Every structure is written in structure tokens, then in C-alpha cells.
Amino acid sequence: MPVVRGKIIEPLFTPEMIAERNRTMAAEIAESPKQDLLVISILKGSFIFAADLIRALHDAGLAPEVEFITLSSYGKGTKSQGVKIIKDIDSDVRDRDILLIDDILESGRTLRFARDLMYERGARNVDIAVLLDKRSRREGSLDAEYVGFECPDYFVVGYGMDVAYAFRELPFVGVVKGDA
Amino acid sequence: MARILIAEDEDTLRRFVARALAMDGHDIVEAADGAEALEHIEAEAFDLLLSDIRMPVMDGIALATATADLTPAMPILLMTGYAEQRERAEPLMRIVVDVVEKPFTLPQIRQAVADALMAKAA
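Residues numbered from 1 in each chain as written. Chains lettered and ligands numbered in written order. Predicted model: local features only at pLDDT ≥ 70, side-chain atom pairs only at ≥ 80, totals over all residues.

**Q** Looking at this structure, I do not really get the overall build of chain A. What am I missing?
**A** Scanning chain A for helices and strands turns up 3 helices and 10 strands. Secondary structure elements of chain A, listed N to C terminal, follow the sequence β-β-α-β-α-β-β-β-α-β-β-β-β. With the C-alpha coordinates aligned to their principal axes, the bounding extent of chain A is approximately 50 × 45 × 25 Å. Across the 180 residues that make up chain A, the buried fraction comes to 40%. (Helix = DSSP H or I, 4+ residues; strand = E, 2+ residues; numbered from the N terminus. Buried ≥ 20, exposed ≤ 12 C-beta atoms within 10 Å, placed from the backbone.)

Given below as C-alpha cells:
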């Protein structure tokens, strides 16, 4: 098993599995006609997934514009908890089709906020693509239109996802199993 | 990115830590005492509990014990500025990853959180 920074990392989803899912998802996304498609990557965890998925979208015949947004989620109480925009997109989303890309869908709080925000700003349609779906953690109803993998409730790293900024560079999604 | 529950009755400190960890990309839920925190733990899943020891209603020791019963896999990190509170936590070291001493700097609490998250799967 790979050892990184003195930790044993057990791969959960290999680079090959991820590449295959990205190709399939891109083909599914390209199936329906898109109106001035804008892809928005939700930073920071999704940067590698977004980089691979947009290139798969190109291979599937799409030519989207690409933007980035940074959100932060903290606060007291489940219902009143706020999501804040740390870095907004620059583009106008009015009457456009939007594809939000995130690494992982858990409670759904930030993705729900991002989707509602784009609709408030006049987007024509907002779809969500996530690499991992931790359905067991969902609060309320929110489903991603495109899901790479259903993910068991492990704390995962790699392929953009971190612990204290580390392990983002791993080409696979894995679980930290302890010291090597 | 982790989903972290912060239990701390001191509003200024809780918000400071919450904002800093949220800026690191974590999804943060805040509770002002142990009972409020336990309600969240019963209803939602978290990757880490970061709790003060001395709190009203239900303190961090009782919260840690109840949390370990409910969700044995969740790492628990306690914080305290009092030596005698730290001693009270010593019998809990089997269920608690660490006790962080207050006052701490942001890099210190970030590191403690990172270590606790990595200890989870180990």
C-alpha cells in the first residue's frame, strides 16, 4: 500500500476507476443540449476532479466556460448555519446552463447554497457533478445529477482532497490507515 | 475537508476557531454547550468533535463519554486552559485523541485537528 508522509494510504478508487467514471459522466453530461454552458468548480477540494472532468467534457464534444468559487460553511445550529462566499465567480449566469463541480457531497449544505445562488442569479438550469456521494450524511433532500462513486462513510484523501493541505497530490482516492 | 463539531461556551473563541477551520475548507457546526453538541451528534455525522472541557449544562468530559458510546469511531479532541480539567480528562485518554492546551495559536489548533483526523482511520 502507498506510504505518504509516513502514513499508509489504502486506495479506495484507483486512477483507472476515476478516469473511466469521468469519461462516462462527461458523456452523460453531453447527452442533452447545453445553453452557453458554464462549469463552476467549488474550491478547493474539487480542483483535480474539475480539471479532469472538463477535459473529459472536451473529449465528449462540449466547449464550456470555466469558473471557480470558494465557499465556507460554519455557524451555530443546523438550520441557521450560514454558508459564506469567500471568492465569487465573475461571470453572469443569467439564462445559462450551469454545471457545479464538487469533490464530495455530504450534508449538501454548501452545494444547496451554490445551486440556489445560481438560480437566484437567473441561471436557466443548474446541475451538480460530484466525484463522491456520502449519502448517509445527507441533511434534507439534495441529489447530484452526476455522481462518480457512492462513498462509504470514511474520511477520504487524495485526488484534490486533503488533511491540513496534505495528500491532495495523490492520483487516487484513499483512506489513511495509520502510521507506516 | 472534514465535518467538525465545535463545542465551546466562549462565543469569541468558538467563532474564531470555527472561522479559521472553515477557511481551511472544513464544514463546521458550532454548539455552545455539551447538551447542544450531543443533540447534533445524535442527529448528524461528523469526522471530529472538538470540545472544551469546562462548559455549562453538560461539560466536555460527559460529552466525550456520551459521544464515545454513541459513535466510537469518531475522534474526540478536548481543549482546556485549566490544569485540573486536564487531569480530569486523563482517564479518558483511551477515547480522546488529545487535550489541547489553551491558549493556543491557530497553527497549533490546525495541527491538532489534522493529527486527530488522521488518527481516525488508524
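Next comes the rest of the account.
**Q** Help me understand the nonpolar core, please; the structure alone is not making it clear to me.
**A** Proteins that are soluble and globular tend to have nonpolar side chains buried together. In this structure, Leu100 and Ile101 of chain A together with Leu5, Leu48 and Leu77 of chain B are the most contacted members of the largest nonpolar core, which totals 85 residues. Every residue in contact with Ile101 of chain A, bar those within four places of it in the chain, is listed here: Val39, Ile40, Ser41, Ile42, Ser46, Phe49, Ala50, Leu53 and Ala129 of chain A. (Core = buried A, V, L, I, M, F, W, Y, C linked by C-beta atoms within 7 Å. Contact = placed C-beta atoms within 7 Å.)

**Q** How should I be thinking about the confidence of the model for chain B in this particular structure?
**A** Low pLDDT marks stretches whose predicted atomic positions should not be read closely. Predicted confidence across chain B gives a mean pLDDT of 92, with 98% of residues reaching 70 or more. Across the interfaces of the predicted complex, the ipTM metric reaches 0.82, alongside a pTM of 0.90. (pLDDT = per-residue confidence, 0-100.)

**Q** How should I be thinking about the sheet that holds strand 10 (residues 173-179) of chain A in this particular structure?
**A** Hydrogen bonds between backbone atoms are what pair the strands of a sheet, whose relative direction is either parallel or antiparallel. Residues and elements named next belong to chain A. One open sheet accounts for 4 strands, arranged 1-2-10-9; its pairing is antiparallel. Looking along the sheet, the strands with just one partner apiece sit at the ends: strand 1 (3-4) and strand 9 (156-157). Both strand 2 (residues 7-13) and strand 10 contribute to a ladder of 6 bridges, which runs antiparallel. Pairing of Glu10 across the sheet is with Val175, part of strand 10. (Pairing = 2+ DSSP bridges.)

**Q** Would you take a moment to explain the packing of helix 1 (residues 15-31) of chain A against helix 2 (residues 47-59) of chain A for this structure?
**A** A pair of packed helices can be characterised by two numbers: the angle between their axes and the separation between those axes. All names here are of chain A. Across the interface, helix 1 lies against helix 2 with an axial gap of 8 Å and an inter-helix angle of 55°. Taken together, the axis directions place helix 1 and helix 2 in an arrangement best described as oblique. The interaxial crossing formed by helix 1 with helix 2 has right-handed handedness. Along its contact with helix 1, which presents Asn22, Arg23, Met25, Ala26, Ile29 and Ala30, the element helix 2 presents Asp52, Leu53, Ala56, Leu57 and Asp59. (Axes fitted to C-alpha atoms, helices over the stretch in contact; angles between N-to-C directions. Parallel < 35°, antiparallel > 145°, perpendicular 65-115°, else oblique. Left-handed = near helix turned anticlockwise from the far one by under 90°.)

**Q** What exactly am I supposed to notice about the pairing of strand 3 (residues 38-43) of chain A here?
**A** A regular strand places its side chains on the two faces of the sheet in alternate fashion. Residue and element names in this part refer to chain A. Where burial is concerned, most of strand 3 is hidden: 5 out of the 6 residues are buried. Across 6 bridges, strand 3 lies against strand 4 (residues 65-74) in parallel orientation. For Val39, the partnering residue across the bridge sits in strand 4 and is Val66. For strand 3 and strand 6 (residues 97-105), the ladder comprises 4 bridges, and the chain directions are parallel. Paired with Val39 across the two strands is Leu99, which belongs to strand 6.

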